[in-house]
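# Close look at the chain arrangement
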Protein chains: 2
Amino acid sequence: MNIDMIEAAAKRIDGKARRTPLLSSPFLDEIAGRRVLVKPECLQHTGSFKFRGAWSALSALDPDIRAKGVIAFSSGNHAQGVALAAREHGTTAVIVMPSDAPELKINNTKALGAEVILYDRATEDRDEIGARLAGERGLTLIKPFDEPLVVAGQGTTGLEIAQQAAELGVTQAEVLVPCGGGGLTSGIALALEAKAPGMKVHPVEPEGFDDVARSLKSGKIEQNPATTGSICDAIITPSPGVVPFPILQRLCGAGLVVPDDDCLRAMAEAFTRLKIVTEPGGASALAAALFHGETLQSDTVIVVASGGNVDAALFSQALAKYGK
Amino acid sequence: MNIDMIEAAAKRIDGKARRTPLLSSPFLDEIAGRRVLVKPECLQHTGSFKFRGAWSALSALDPDIRAKGVIAFSSGNHAQGVALAAREHGTTAVIVMPSDAPELKINNTKALGAEVILYDRATEDRDEIGARLAGERGLTLIKPFDEPLVVAGQGTTGLEIAQQAAELGVTQAEVLVPCGGGGLTSGIALALEAKAPGMKVHPVEPEGFDDVARSLKSGKIEQNPATTGSICDAIITPSPGVVPFPILQRLCGAGLVVPDDDCLRAMAEAFTRLKIVTEPGGASALAAALFHGETLQSDTVIVVASGGNVDAALFSQALAKYGK
């Protein structure tokens, strides 16, 4: 993995993925006690950054291989990204999703033309199911983070951050990224290493699912004790991926951990101050910046709002509790 | 008023106003039966396009005049735009607001450092109050739409639409714009006349407050019978402005009219499909595109989502009724 792969992905993605803006609000700066810049990947196609990695991977496949179809396993955001990228490449997608994924994500994935296969997150192994189906049907497995082409695609977010921050005169910053398997976090860290070396990336995770923070501390890949039990469904991956982890180790600062409830608060602030819709996991880095910034040191913090695929009921719950 | 004024405003605004992206969703295309591109000015500073016009006007003032302070009357979006533009220019702002404006808008305007003076929309004349205070205190009145510099600032939205649509290969389209006094609509129409002559602008208004649609039909400025009674508070101006109206007459197609309830539906669709927060008036053009497009003729419709300053309670109401 290196910056050349990310720049190659950026070329393939150009005109396909959306260049999301960099948002801000004086009200958020006031809460955080420092300047806050938000990269709203919830505005990306399919409502999360995952479309970048999916497009990167599918566009790099041999056309004959791609034509046989692809398969992915995902709680919903990678699912939608792969489904749309497959449809736009004129091929088919099979998506293996946990049965407790948000209904909106399941429905959208189907509506984007994918065949959806549900599994039980607590008792079944999605990797095994994915690998078996791929073998049986001749499908190419598009892994959600343990795939260099996917990491390269997510890294294009970092290229944009470096350029957009520089336009605002910002070259020194801590960059907070919601972190599941580490694909987005490692991709951004690699991009910034090359393009904005004054920036330091920190992964953000929900309380009880801080496998990446613990892995960075211990120096080896740690597991989460559970695979369910947080509203941050997008980022409660069992452990950091083997492709991202060495990159995270080499480039990232300590992981930050936020309670679920602060993600709801951050969702309400993003609603009121930025006019964007975020899902709990997607708002975790904003929650860290606004409510858990004690360990941060830079004058500017850049936050990735990684996704916005949230059911209306849960969003309304966040507004009822913390909205204005 | 001409394109040169808009291009001059664009230069003054460069790096100050946000260049909002152009969003889309295959799900919205499906509802509308045509391609829908959305310009989310809710993502603009202060949550609406109004910051453009406010910055345009304030930045063009003589510095000595500007230093004495400015005054504006507004239901809330122009208020916030002027308040922030004044603060960033290091001057003071007095804002005259109707007492029934959304609480969020009143609070934000105060938090942006402006002095807020409330009046009764049904019994008092805001123009008279504004003019009196301006005279008494030596403040410069920044009118919300009957001011060429403001129209020029709003017109920068049209310059961006022309360029961003061209990048997608779109040069022919109908462009739907939420319309109060007509500042945004006329500014966009002027910009597109010069930069995208294959596009036709249509103003959109709420049912019962269709003064612009009726004025376009009759050929003279018509009044709304009431000044309250729609959730689309941002765009229930009594009549089209004298500066915008001749431009609307010369360049716009027929006005579209949408019921309040369809604005709530459009807000829910924008939440689910675009991950943006819109207020009822701000979602009116999207409502027209999605649910009242019978009279439209182009393959592509471009919609301005003009603002997102909505209270959490009303937004939750839209989600409870139409959210997924």
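Above this text is the structure in question.
Here is a short report on the structure shown in this document.

Conventions adopted
- Residues numbered from 1 in each chain as written.
- Chains lettered and ligands numbered in written order.
- Predicted model: local features only at pLDDT ≥ 70, side-chain atom pairs only at ≥ 80, totals over all residues.
- Heavy atoms only, no water.
- Helix = DSSP H or I, 4+ residues; strand = E, 2+ residues; numbered from the N terminus.
- Contact = heavy atoms within 4.5 Å.
- Pairing = 2+ DSSP bridges.
- Axes fitted to C-alpha atoms, helices over the stretch in contact; angles between N-to-C directions.
- Least-squares fit on C-alpha atoms with pLDDT ≥ 70 in both.
- Buried area = accessible area lost by both parts, 1.4 Å probe.
- Salt bridge = Lys/Arg side-chain N within 4 Å of Asp/Glu carboxyl O.
- Polar contact = N/O pair within 3.5 Å; in protein donor to acceptor, adjacent residues only side chain to side chain.
- Nonpolar A, V, L, I, M, F, W, Y, C, P; charged D, E, K, R; others polar.
- Phe/Tyr/Trp six-rings, centres within 6.5 Å; stacked < 30°, edge-to-face > 60°.
- Buried < 20%, exposed > 50% of the residue type's maximum accessible area, 1.4 Å probe, protein only.
- Disulfide = S-S within 2.5 Å.

### Some details on the environment of A:Val175
Residue and element names in this part refer to chain A. For Val175, the position within the fold is in strand E6 (residues 173-178). Through-space distance from the C-alpha of Val175 to that of Lys200 is 5.9 Å; in sequence the pair is 25 residues apart. Those residues in contact with Val175, other than ones at most four positions away along the chain, are Ile188, Leu192, Met199, Lys200, Val201, His202 and Ile302.

### A few points about the sheet that holds strand E5 (residues 140-141) of chain A
Within a beta sheet, neighbouring strands are joined by backbone hydrogen bonds and run either parallel or antiparallel to one another. All names here are of chain A. Read from one edge of the open sheet, 4 strands run E4-E3-E2-E5, paired in parallel fashion. In the strand order of this sheet, the two ends are held by strand E4 (115-119) and E5, each with one partner. Across 5 bridges, the pairing between strand E3 (residues 93-98) and E4 is parallel. In the strand pairing of E4, Val96 is matched with Ile117. Sheet contacts for helix H5 (residues 77-88): strand E2 (70-73) and E3; angle to E3, the most-contacted strand, approximately 170 degrees.

### Digging into the relation of the copies chain A and chain B
Once turned by 180 degrees and shifted 0.0 Å along the axis, chain A lies on chain B with an RMSD of 0.0 Å. A rotation of that kind, with that shift, is consistent with a two-fold axis. The rotation axis passes nearest to the C-alpha of A:Ile276 in chain A, at a distance of 2.3 Å. A high fraction, 100%, of the interface residues of chain A reappear at the interface in chain B, so the copies pair face to face through one surface.

### Details of the interface of chain A and chain B
At the interface, 33 residues of chain A touch 33 residues of chain B. Between chain A and chain B, a total of about 2,500 Å² is buried, with carbon and sulfur atoms accounting for 66% of that surface. Connecting chain A to chain B are 0 salt bridges. The interface formed by chain A and chain B includes 12 residue pairs in polar contact (both at pLDDT 80 or more). Those elements that provide at least two residues to the side of chain A that touches chain B are helix H2 (26-32), helix H6 (103-111), helix H12 (260-274) and helix H14 (312-322) of chain A. Of the residues that constitute the side of chain A that touches chain B, the class distribution is 18 nonpolar, 9 polar and 6 charged.

### Topic: the packing of aromatic side chains
In the structure shown here, the tally under the stated rule is 7 aromatic pairs over all chains. Judged by centre distance (5.7 Å) and plane angle (45 degrees), the rings of A:Phe51 and A:Trp55 are tilted. Of this pair, A:Phe51 and A:Trp55 both sit in helix H3 (residues 50-60), 4 residues apart, which is roughly one turn of the helix. Judged on exposure class, the residue A:Phe51 and its partner A:Trp55 are both buried. Taking the centre distance of 6.1 Å and the plane angle of 70 degrees together, the rings of B:Phe271 and B:Phe315 count as edge-to-face. Residue B:Phe271 is located in helix H12 (residues 260-274), and its partner B:Phe315 is located in helix H14 (residues 312-322); the two are separated by 44 residues in the primary sequence. The residues B:Phe271 and B:Phe315 share a single accessibility class, namely buried.

### Describing the pattern of salt bridges
Enumeration according to the criterion identifies 30 salt bridges over all chains in this entry. The residue A:Asp100 makes a salt bridge to A:Arg121 at a minimum N-O spacing of 3.1 Å. One end of the pair, A:Asp100, is in the loop between E3 and H6; the other, A:Arg121, is in the loop between E4 and helix H7 (126-137), and 21 residues separate them in sequence. In this structure A:Arg121 comes out as buried when scored by relative accessible area, which is 13%. Of the charged contacts, one joins B:Glu160 and B:Arg52 as a salt bridge, the two residues approaching to 2.9 Å between their closest N and O atoms. Of the two residues, B:Glu160 sits in helix H8 (residues 148-167) while B:Arg52 sits in helix H3 (residues 50-60), which places them 108 residues apart along the sequence. With a relative accessible area of 0%, B:Arg52 lands in the buried category. Salt bridges linked by common partners bring A:Lys39, A:Glu41, A:Arg52 and A:Glu160 together as one network.

### Overview of the side chain of A:Thr109
Residues and elements named next belong to chain A. Looking at the secondary structure, you find Thr109 in helix H6. A polar contact of 2.6 Å, which involves the side chain of Thr109, links it to the backbone oxygen of Lys105. The contact partners of Thr109, leaving out residues within four places of it in the chain, are Gly76, Ala79, Gln80, Ala83, Ile95, Met97, Ala114 and Val116.

### Digging into the state of the cysteines
If you walk through the whole model with that rule in mind, you get 0 disulfides over all chains. The thiol of A:Cys263 is unpaired, and the distance to the nearest cysteine sulfur, on A:Cys232, comes to 3.7 Å. Assessed through its relative accessible area of 0%, A:Cys263 is described here as buried. Between B:Cys252, a free cysteine, and B:Cys179, which holds the nearest cysteine sulfur, the sulfur-to-sulfur gap is 7.5 Å. On the basis of relative accessibility, which here comes to 11%, the residue B:Cys252 falls in the buried class.

All we've got here are geometric facts, nothing functional implied.
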